[in-house]
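Observations on the three-dimensional arrangement
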Amino acid sequence: MTGRTWSVSIEADGDRPMTREEIVELADAVAVHDGIATGIGTTAYGAQILVEAPSRDEAAERATALFAEAVARAGLPVWPVTRVAPMSQVDELEELERMTVADEPGDGPR
């Protein structure tokens, strides 16, 4: 597949708090995609997954499909996906540069 590497954050909201064990199962399921999982004690679960894709939209689609597979593999309840946020490595570097410049002395409000 051609394209760039995207880090895609995905979250699904539900109706009960997630247990540590459930999120560990999700973490195991997304680990094959260099992913991490979140949600212990919250009424949502999520993951950040790395995918290769030529565009932001295709990265979101691919990551959403991988997330659905991981949710099924982990045995979690299927909740509606409420957030999908793809960010390319180029985007991440630009964001880091903006944050670094903003942290420099003398750049704040006068």
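A brief report on the enclosed structure follows. Just so you know, these numbers come straight off a predicted model, no measurement behind them.

Thresholds, definitions, all that
- Residues numbered from 1 in each chain as written.
- Predicted model: local features only at pLDDT ≥ 70, side-chain atom pairs only at ≥ 80, totals over all residues.
- Heavy atoms only, no water.
- Helix = DSSP H or I, 4+ residues; strand = E, 2+ residues; numbered from the N terminus.
- Buried < 20%, exposed > 50% of the residue type's maximum accessible area, 1.4 Å probe, protein only.
- Areas by Shrake-Rupley, 256 points an atom, 1.4 Å probe, with all protein chains shown as cover.
- Phe/Tyr/Trp six-rings, centres within 6.5 Å; stacked < 30°, edge-to-face > 60°.
- Arc of directions from axis to C-beta.
- Contact = heavy atoms within 4.5 Å.
- Pairing = 2+ DSSP bridges.
- Axes fitted to C-alpha atoms, helices over the stretch in contact; angles between N-to-C directions.

A count of helical and extended segments in the protein gives three helices and four strands. Along the chain direction, N to C, the helices and strands of the protein fall in the order β-α-β-β-α-β-α. Looking at the 110 residues of the protein, the share that counts as buried comes to 33%. Accessible surface for the protein amounts to roughly 6800 Å². Of this, 54% is attributable to carbon and sulfur atoms.

Evaluated as defined, the whole model comprises two aromatic pairs. With a centroid separation of 5.9 Å and 40° between ring planes, the pair formed by Tyr 45 and Phe 67 is classed as tilted. Here Tyr 45, found in strand S3 (residues 44–53), pairs with Phe 67, found in helix H2 (residues 56–74); they are 22 residues apart in sequence, far enough to count as distant. The exposure class assigned to Tyr 45 is buried, which follows from its relative accessible area of 1%. When its relative accessible area of 3% is taken as the criterion, Phe 67 is described as buried. Considering the side-chain rings of Tyr 45 and Trp 79, the 5.2 Å spacing of their centres and the 20° angle between planes classify their relative orientation as stacked. Residue Tyr 45 is located in strand S3, and its partner Trp 79 is located in the loop between H2 and strand S4 (81–88); the two are separated by 34 residues in the primary sequence. Three or more aromatic residues joined by ring pairs form one cluster here, namely Tyr 45, Phe 67 and Trp 79.

Before going further, it helps to examine helix H1 (residues 20–30). For H1, the complete set of buried residues consists of Glu 22, Ile 23, Leu 26, Ala 29 and Val 30. The buried residues of H1 occupy one face: seen down the axis, they fall within an arc of 115°. Pointing more than 90 degrees away from the buried face of H1 are the exposed residues Arg 20, Glu 21 and Asp 28. Residues of H1 that are buried sit in contact with strand S2 (36–38), S3 and H2.

Counted residue by residue, strand S1 (residues 4–13) has seven buried out of 10 residues, so it is predominantly covered. Where S1 lies against S3, 10 bridges are found, and the strand directions are antiparallel. The partner of Glu 11 across the bridge, within S3, is Gly 46. Examined bridge by bridge, S1 and S4 share seven bridges and lie antiparallel to one another. Paired with Val 8 across the bridge in S4 is Pro 86.

This next bit is on the sheet that holds S1. Read from one edge to the other, the open sheet built from four strands follows the order S2-S3-S1-S4, with strand pairing classed as antiparallel. The open sheet is flanked by S2 and S4, the only strands paired with a single partner. Strand-to-strand, the axes of this sheet are offset by a mean angle of 20°, without reference to chain direction. Sheet strands touched by H1: S2 and S3. Its angle to S2, the strand with the most contacts, is close to 155°. Against the sheet, H2 engages S1, S3 and S4, with an angle of about 130° to S3.

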